[in-house]
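So the chains spell out like this:
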Amino acid sequence: MKKIAVSVTVNGRQREALIAPRMLLSDFVRQELELPGTHVGCEHGVCGSCNVIVDGKAVRSCLMFAVQAEGSQITTVEGFSADGELHPIQTAFWEEHGLQCGFCTPGMLASAKELLDANPDPTDDEIREAISGNLCRCTGYEFIINAIRSAAKTLRDTENKKTLQPA
Amino acid sequence: MKPAAFEYECPTDLKAALAFLDADTETRILAGGQSLVPMMNFRMATPERLIDINRLPDLDYVREEDGDIVIGALARHGDIKASELIAEHLPVVAEAYEWIAHAAVRNRGTLCGNLCHADPASEMPAVMQVLGARMVASRLSGSRQIAAEDFFLGTYETALEPDEMLTEVRIPKPEPNSSWGFEEVAMRKGDYAWCTVVVMLSVEDGKIRQPRIAVSGISDHAHRLGATEAGLEGRAPDTALLEELAQSAAQDADPIGTETANSEYRRDLLRVLMPRVLQAAIDRAGE
Ligand SMILES: Cc1cc2nc3c(=O)[nH]c(=O)nc-3n(C[C@H](O)[C@H](O)[C@H](O)COP(=O)(O)OP(=O)(O)OC[C@H]3O[C@@H](n4cnc5c(N)ncnc54)[C@H](O)[C@@H]3O)c2cc1C
Ligand code: FES
Ligand code: FES
């Protein structure tokens with residue numbers, strides 16, 4: 001089958017490749033772009049570990065063909081930290097024990113980031129709803145909910161400090 | 001767990017998309033991909049060619065037109081769920097979305113793709129039937145409308161011809177005095193239903209009028225319950241009546257069974273959920 005040229009921006013970097021249409025976005029980021037932080041659990045949309053952010057929205061990368069991402073902005077877990085500093089959501093997962101084996105974590109982070117970008121002060125129910133499509137086999141979820149609640153507070157505090165600072 | 005090879009087309013106008021369907025090659029439309037891609041990953045589906053409709057932004061709408069709420073082929077679950085038009089005119093659709101999949105799936109999945117996929121345990125096929133929705137099926141030579149109750153034929157089977165695309169769904173705005181109910185049981189929130197019961201009705205002068213009730217998760221496709229509807233029409237709402245009708249609907253049903261929810265359990269769910277849904281709709285009608 002004919003290969004197709006794609007051009008996407010991944011974690012702020014323009015990437016180009018010639019790929020078969022059947023290549024899943026999850027395989028594209030892991031294998032072609034060598035960004036294995038995105039995890040693949042089930043490959044049929046159930047577990048959420050492959051969630052990445054495409055044009056601001058969390059999506060299952062195992063249910064999108066990479067050719068469909070043409071022209072998109074993609075954020076994978078590798079794009080969360082800037083200059084070696086963990087993102088506040090990642091720090092909160094660390095501090096609140098929001099992970100054990102870490103397999104579900106990249107997908108959890110994508111879902112959490114989408115939630116907090118839209119809703120800086122979510123209730124616990126809203127947090128639960130946001131991660132309802134992400135399976136975790138280790139934590140029992142409670143620590144993940146604590147982590148997201150704590151990250152929300154950190155992000156709000158940082159935002160408040162910024163706006164309170166004299167120009 | 002990788003899809004078989006296929007040719008990929010990504011048209012930027014509807015005509016071009018329809019032209020691709022009008023060919024011998026085994027062709028499928030790729031909308032949100034949230035049902036088709038899992039099927040392809042399992043190799044339960046091996047289309048020769050995919051027509052990606054994601055670059056047809058003109059099909060991404062929820063709007064009001066001639067007394068209908070009209071939902072285009074590219075309108076995604078998440079946008080419909082959040083739509084103010086839907087909240088105002090079709091609260092039963094908004095409620096059903098509380099039960100359908102998860103945010104990341106709703107970010108890409110479309111209502112039209114959901115209806116074309118026609119999973120027996122899918123909620124919207126039942127919802128569309130109680131709302132009296134019409135499916136607009138288009139091909140190069142023109143389009144036709146199919147009533148929701150004639151659209152779903154069986155598991156993964158609809159009335160669409162291979163060269164037809166579902167371009168929009170037209171849902172008549174319910175009468176101002178009409179009321180609704182929706183209940184579901186599934187293994188986890190966001191999973192496909194073991195049993196969904198949905199109803200629209202109104203109560204006039206203490207009598208139930210124009211009841212429409214449909215179920216999914218029970219047979220190979222969502223369907224209306226004509227006998228229950230007939231038993232409700234013109235009757236005064238009363239708990240004993242609702243229970244009696246639920247009992248006989250459950251008796252008449254021949255539910256499908258799966259490892260997680262066998263046939264007897266689903267029959268029980270139907271019997272228990274039906275009076276709840278009806279009572280909720282009746283209570284709402286009194287508000
Ligand atoms: C984890 C998970 C949980 C889910 N839970 C639920 C649930 O609880 N309830 C539920 O109902 N669904 C559920 N779904 C399925 C989801 O709602 C899908 O979005 C939907 O079934 C298919 O819509 P789509 O736009 O993704 O279609 P696709 O997957 O792109 O297409 C599905 C089928 O319809 C055809 N098709 C698509 N659009 C058209 C069109 N316009 N005209 C003609 N044919 C077309 C395709 O060729 C394909 O055969 C779930 C999915 C996942 C991954
Ligand atoms: S790997 Fe994509 S949802 Fe499980
Ligand atoms: S930390 Fe192991 S699956 Fe979630």
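Computed from a predicted model, the values in this text were never measured in an experiment.

1. Some words on the environment of A:Phe28
For A:Phe28, the position within the fold is in helix H1 (residues 25–32). Leaving out residues up to four positions away in the same chain, A:Phe28 has contacts with A:Val6, A:Val8, A:Ala17, A:Ile19, A:Met23, A:Leu33 and A:Ala66.

2. Looking at the domain arrangement of chain B
All names here are of chain B. According to the domain assignment, chain B consists of domain 1 (7–51), domain 2 (62–172) and domain 3 (178–285). Each partner contributes residues to the interface: domain 1 has twelve residues there, and domain 2 has 16 residues. Both faces combined, the contact of domain 1 with domain 2 buries some 1100 Å², and carbon together with sulfur accounts for 74% of it. A per-residue breakdown of the area domain 1 buries against domain 2 is headed by Leu18, Leu21 and Gln34, which together make up 38% of the total. Linking domain 1 with domain 2 are zero salt bridges, by the criterion used here. Inspection of the domain 1/domain 2 interface yields zero residue pairs in polar contact (both at pLDDT 80 or more). Sort the elements by how many residues they give to the side of domain 1 that touches domain 2 and helix H1 (residues 14–21) lands first, with five residues. When the residues that make up the side of domain 1 that touches domain 2 are grouped by side-chain class, the tally is seven nonpolar, three polar and two charged.

3. Some remarks on the environment of B:Arg43
Relative to the elements of secondary structure, B:Arg43 occurs in the loop between helix H2 (36–41) and strand E3 (49–52). Taking the C-alpha atoms as reference points, B:Arg43 and B:Pro3, 40 residues apart in sequence, are found 6.1 Å from one another. Setting aside residues no more than four positions away along its own chain, B:Arg43 makes contact with A:Arg22, B:Lys2, B:Pro3 and B:Ala4.

Thresholds applied
- Residues numbered from 1 in each chain as written.
- Chains lettered and ligands numbered in written order.
- Predicted model: local features only at pLDDT ≥ 70, side-chain atom pairs only at ≥ 80, totals over all residues.
- Heavy atoms only, no water.
- Helix = DSSP H or I, 4+ residues; strand = E, 2+ residues; numbered from the N terminus.
- Contact = heavy atoms within 4.5 Å.
- Domains from an automatic or database assignment.
- Buried area = accessible area lost by both parts, 1.4 Å probe.
- Salt bridge = Lys/Arg side-chain N within 4 Å of Asp/Glu carboxyl O.
- Polar contact = N/O pair within 3.5 Å; in protein donor to acceptor, adjacent residues only side chain to side chain.
- Nonpolar A, V, L, I, M, F, W, Y, C, P; charged D, E, K, R; others polar.

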